[in-house]
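# Chain and residue survey
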Amino acid sequence: MDLPRETKILFLVGLILLNLAVRFPTQGNFREHRVDTFNLHAMADSVEEENEAKWVAHPLSVFGLYPYSYPSLPVFLVAAIALFTGLSTEISIFVLAQITGLLGIAAGFILGSELRTDFKYRYMMAALISLSPVVAYETIWTIPKRSIFLLEFCMLIWLMLRFRHTQHDKRYLLLMVPVLLAMAATHRMFLLMPALFGSYFLLLLLLWLWRHVHIVITPSWKRELLKWMAVFGWAGALAGALFLQARRVWFYSESNVWEYYTSGFFFDGTSTRVIFLNAIVDYYSSTSILAVVGIFALLALVRRPMWDGLLFTTLTIAAFALGLMLGEYMVFIYTPLVAIFVTEGLFEFLRLIPRLKPAAVPAMLVLIMLTAAYSSFMIHHWKAIGATPGVGAIPSEDTYSGALYIKYQVPPGNIVSNDLAIAKRITAYSGVYCFPVYEVLLPIYDLIDVDSLDIRPIPPGELTPNTNHLYRPTKAPEDQIMLMVHNGLNTAQADETMARFDLKYGVVNNKIPHQMELYGVRKQSPFFDDLHNKRIIIYRNHLITITTLNNRNTFDV
C-alpha cells in the first residue's frame, strides 16, 4: 500500500533535516578540513582574484592530467558560489558541502526509482546514500570532490539502467558523455570508469549472445544459470572485499596502517586475525552499519530480473578488482552498490517474514535513525583519532593563527615548510604559496616560462595505475626546491632557488624541526636544521615557528 502524498512530503522534509543535523559542524570541526581541501581552496582563491584558472595550460588540465593541474570542477563550483554570493571561499566550501550532501538524497531517489516504484524503497536508498558515514564526514566542511563523484556515478548507473530498460534508446547513451566528462573533471577515480564501462558493455554483449546464439540448453536452465551466476558472483565480490582489506593492510604498512588496525571498536591486539577483523569493520563502517543486511540480497537476486542482478554483480566485481590498485577510494564507488544491495536485502527480509510488513514503515524509520546515529558516531570517532584514512585532520588553531599572521603581518614573499599538511593549510589561509604544495604549483605560471619546462607525453610503457598525469616536465621546478631542502641553506644553489621562486620565509613544524615530512614519510633535512637553529624567528606558537630565510630580518629591508 502506497503512502499518502502528505506523508511522503513529511518524510522527505524529515530526511533533509536529519542530513543537515548530521552534517552541522560542532565546535571541534567548525572549520574546513581534509588535506586536499586546502589545495582546492587556494585554487578557488586564484580563480576569484585573477578571474581565470591559471593552471589550465592545456585542455587536459581541466581533468588534472597535465602537469601542475588538478581535476577542476569542484574548484570552479566553489569559485562560482563565492563570486555569485559574495561569500568567502571558506564559507563557500561549507555551502557546497551541504548542497552535495542534500543532493545525495536526490541521487538515491532517482537511482531507486529505476529499480522499484515503491516510495519506501526509494526513500531507503536516498537515506543510505546521503547518510553513509564516509559521505557524511566528507560533506561537513570540505570540498567534497569524492562525494560529487559518487553522485555522478549514481547518475551513470541510472543511465545504464535506462539504456537497457528503454531497449537501448541512444539518447541515454549520449547523456552518458557529459556525465563521464563531469566525472573526469571531478576526481581521478574517473580512471576506474573505462574498466567499469567496459564491463557494462561486455555484459550487454554476453546477454545478446545468450539470447541469439543457439545453445543446446532449455530456456528454464538458462534462467537458472543466470540467477546463480548473479548469486555466486556477488558472493565472490564479498569475498573480494575481504581480500582487498588484507591487501590494504599489507600495502600501506609503511604508513603505519598496521598500528592503526591493532585497535578498533570490537577487537584489540597485534595478531593478524585482529588486524584483519578491524580492517573489515573499518571498511564496512565507512558505507553503512546496515551493510551486513546486504546478505539477504543474495536471496533477492534469485527472484529479481536477471539484468539488474547481473549488472550490479558485474559492477561490484569490477570495482573490487580495480580496488586492489586504488584502496581507500573504492568506498565511494562501493557506497551506491551497497545501498542497492542493502535495500534489496531489507525488502527480501520483509518478503520472507510477511507478518512484519505492517511494521515496515516504523522499522524503516528506526533503521534510518540508526544509520544517522551511527554516521554521527563515526564522524566523532574519526575526528577523535585525527583523521579517517585518506581524509585528513582538522587544522589546529596554531596553524590557523600562524597563517593569518603571514597574511596580515608579513611582507610579500613565498614560503617553504618542512611539513606538507601544514604547507597546504598555510597556502589556503594566508593566500601565500608554501612549498611543498606542488600538486598545483600556482606561482609557476607567474615566475617562469612554462615552455621552458619542456613538458612531454609520458611513453605508454611507463604509465602505471598510480600515474597522475599523461605529461611530465623534463625540468621540474619542485626538484630544484627539494634539492635545496636536502642540501642545505648556505649554498649558491640555495640562493639561486630562493631568488627564482621568491622564497623568503620558512615555516617549521616544532615537533620535527630537523626533518622533512612528505605523505607520512620523514627524512633528515640539513636545510631545516639550519633554518631552525640559525635564522631569525619572526613568529612562534606551540606548533609552528616562522623564520626568515635571510641572515637579517626581512622586516628591515
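Because the structure is predicted, anything quoted here is derived from the model rather than measured.

### Some points on the overall build of the protein chain
Looking only at helices and strands, the protein chain features 22 helices and nine strands. Here the protein chain holds 557 residues, and the buried ones make up 54% of them. By sequence separation, contacts in the protein chain at least 24 residues apart represent 71% of the contacts at least 6 residues apart.

### Here's the deal with the sheet that holds strand β2 (residues 434-435)
In spatial order, the strands read β2-β1-β5-β9-β8; together these five strands make up an open sheet with mixed pairing. Because the sheet does not close on itself, it has two edges, and the strands there are β2 and β8 (537-540).

### Re the nonpolar core
The biggest cluster of nonpolar side chains holds 94 residues, and the ones touching the most others in it are L156, M193, F312, I333 and I368. Ignoring sequence-local partners within four residues, the contact set of L156 consists of M176, V179, L180, M183, M193 and F197. Counting residues in hydrophobic clusters, the runner-up holds 40 residues, among them V410, L420, L489 and M516.

### A few points about helix α15 (residues 330-352)
Here α15 is 23 residues long and its end C-alpha atoms lie 32 Å apart, about the 33 Å a rise of 1.5 Å per residue gives. Of all bends in α15, the biggest is about 30°, found at P336.

### Quick word on the pairing of strand β7 (residues 521-524)
For a regular strand, the rule is simple: side chains alternate between the two faces of the sheet. By the bridge criterion, four bridges tie strand β6 (residues 515-518) to β7 in an arrangement that is antiparallel. Across the sheet, the residue bridging to Q515 is Q524, located in β7. The antiparallel pairing of β6 with β7 creates a hairpin that spans two residues between the two strands, and Y519 there sits at a positive phi of about 50°.

### Overview of the packing of aromatic side chains
The tally for this structure, following the rule as stated, stands at 15 aromatic pairs. The interplanar angle of 75° and the centroid separation of 6.3 Å between the aromatic rings of F109 and Y123 together place this pair among those described as edge-to-face. You can see F109 sitting in helix α4 (residues 89-113) and its partner Y123 sitting in helix α5 (residues 119-130), a full 14 residues away along the chain. For F109, a relative accessible area of 16% translates into the label buried.

### Concerning α5
Compared with an ideal rise of 1.5 Å per residue, which puts twelve residues at 16 Å, α5 spans 16 Å between its outermost C-alpha atoms and is within 8% of the ideal. With eleven of its twelve residues buried, α5 lies for the most part within the structure. Among all positions of α5, only F119, K120, Y121, Y123, M124, M125, A126, A127, L128, I129 and S130 are buried. You can read the cap of α5 off the contacts: a side-chain oxygen lies 2.8 Å from the backbone nitrogen of K120, and it is on D118.

### Digging into the packing of α4 against α5
Remark: α4 packs on α5, axes separated minimally by 7 Å, with the N-to-C direction vectors making an angle of 140°. Where α4 crosses over α5, the two elements pack in a sense that is right-handed. Together, G101, G104, I105, G108, F109, L111, G112 and S113 of α4 and F119, Y121, R122, Y123, M125, A126, I129 and S130 of α5 make up the contact between the two elements. Partitioning the contact of α4 with α5 into residue classes produces nine nonpolar, six polar and one charged.

### Considerations on unusual backbone geometry
The step from F435 to P436 runs through a cis peptide bond, and the omega angle for that step is 20°. For N51, which is not a glycine, the phi torsion comes out positive at approximately 60°. Secondary-structure assignment places N51 in the loop between α2 (35-50) and α3 (73-85). N51 sits in the exposed class, given a relative accessible area of 65%. Of note in the backbone geometry, H168 takes a positive phi value of approximately 65° without being a glycine. Mapped onto the fold, H168 is located in the loop between α7 (145-165) and α8 (170-184).

### What about a nonpolar patch on the surface?
Residues I9, L12, V13, I16, L17 and L20 make up a contiguous nonpolar surface patch of about 450 Å² in total accessible area. Relative to the helices and strands, L17 resides in helix α1 (residues 5-23).

### Here's the deal with the confidence of the model for the protein chain
In the predicted model, the protein chain carries a mean pLDDT of 78, and 77% of its residues have values of at least 70. Mean pLDDT across the secondary structure elements of the protein chain bottoms out at helix α11 (residues 257-260), with 56, and peaks at α3, with 94. A low-confidence stretch, residues 387-392 (pLDDT under 50), is modelled with 20 contacts involving residues beyond four sequence positions or located in other chains. Ignoring residues within four places in sequence, the model shows residues 552-557, a span with pLDDT below 50, making 13 contacts including any to other chains.

### Brief notes about the side chain of T100
Considering the arrangement of structural elements, one finds T100 in helix α4. Not counting residues up to four positions away in its chain, the partners in contact with T100 are T139, P144, S147, I148 and L151.

### Here's the deal with the packing of α5 against α15
Where α5 contacts α15, the two axes come as close as 9 Å, and the packing angle between them is 140°. Between α5 and α15, the angle is such that the two are oblique. Seen along the crossing, α5 lies across α15 with a hand that is right-handed. Across from K120, Y121, M124, M125, L128 and I129 in α5, the residues of α15 making contact are P336, A339, I340, V342, T343, E344, L346 and F347. A breakdown of the residues in the contact of α5 with α15 according to their chemical character gives eleven nonpolar, one polar and two charged.

Rules of the game
- By convention here, each chain's residues receive numbers from 1 onward along its written sequence.
- Totals for whole chains, interfaces and linings use every residue, but because this is a predicted model, local features are given only for residues with pLDDT of at least 70 and side-chain atom pairs only at 80 or more, for both listing and counting.
- Computation of side-chain values covers all heavy atoms of the structure but excludes hydrogens and water.
- Secondary structure elements follow DSSP: runs of H or I no shorter than four residues count as helices, runs of E no shorter than two count as strands, and numbering proceeds from the N terminus.
- Only protein chains enter the accessibility calculation, which uses a 1.4 Å probe. A residue is then buried if its area is under 20% of the maximum for its type, exposed if over 50%, and partly exposed in between.
- The contact criterion used is simple: two residues touch if any of their non-hydrogen atoms lie within 4.5 Å.
- We treat two strands as partners when DSSP finds at least two bridges between them.
- For this analysis, a nonpolar core means a set of buried residues of the types Ala, Val, Leu, Ile, Met, Phe, Trp, Tyr and Cys, connected via side-chain atoms within 4.5 Å.
- Take the number of residues in a helix, subtract one, and multiply by 1.5 Å to get its expected span.
- At every residue, the bend is computed as the angle between two fitted axes, covering the seven residues ending there and the seven beginning there respectively.
- Pairing of aromatic rings covers Phe, Tyr and the six-membered ring of Trp, with a centre-to-centre limit of 6.5 Å; geometry is then stacked below 30 degrees between planes, edge-to-face above 60, and tilted otherwise.
- Whenever a nitrogen or oxygen atom comes within 3.5 Å of another N or O atom, the pair is scored as a polar contact, on the condition that within protein one atom can donate a hydrogen and the other can accept it, and that pairs from neighbouring residues in sequence are kept only if both atoms are in side chains.
- Axis definition: a line fitted to C-alpha atoms, limited for helices to the stretch in contact. Angles are taken between N-to-C directions and run from 0 to 180 degrees.
- Note on convention: near helix rotated counterclockwise from far helix by under a right angle means a left-handed crossing. Clockwise means right-handed.
- All residues other than Ala, Val, Leu, Ile, Met, Phe, Trp, Tyr, Cys, Pro, Asp, Glu, Lys and Arg, Gly among them, are scored as polar; the first ten of these are nonpolar and the last four charged.
- To count toward a patch, a residue needs a relative accessible area above 30% and no salt bridge. Like charges then connect within 9 Å, nonpolar side chains (Val, Leu, Ile, Met, Phe, Trp, Tyr) within 5 Å.
- Here the open area of atoms and residues is found with the Shrake-Rupley method and a 1.4 Å probe, where only the protein chains shown may cover a residue.
- One speaks of a salt bridge when a side-chain nitrogen belonging to Lys or Arg is within 4 Å of a carboxyl oxygen belonging to Asp or Glu.
- The pLDDT value expresses, per residue, how confident the predictor is, ranging between 0 and 100.
- Note that the term roughly parallel is reserved for angles under 35 degrees, roughly antiparallel for angles over 145, roughly perpendicular for angles of 65 to 115, and oblique for everything else.

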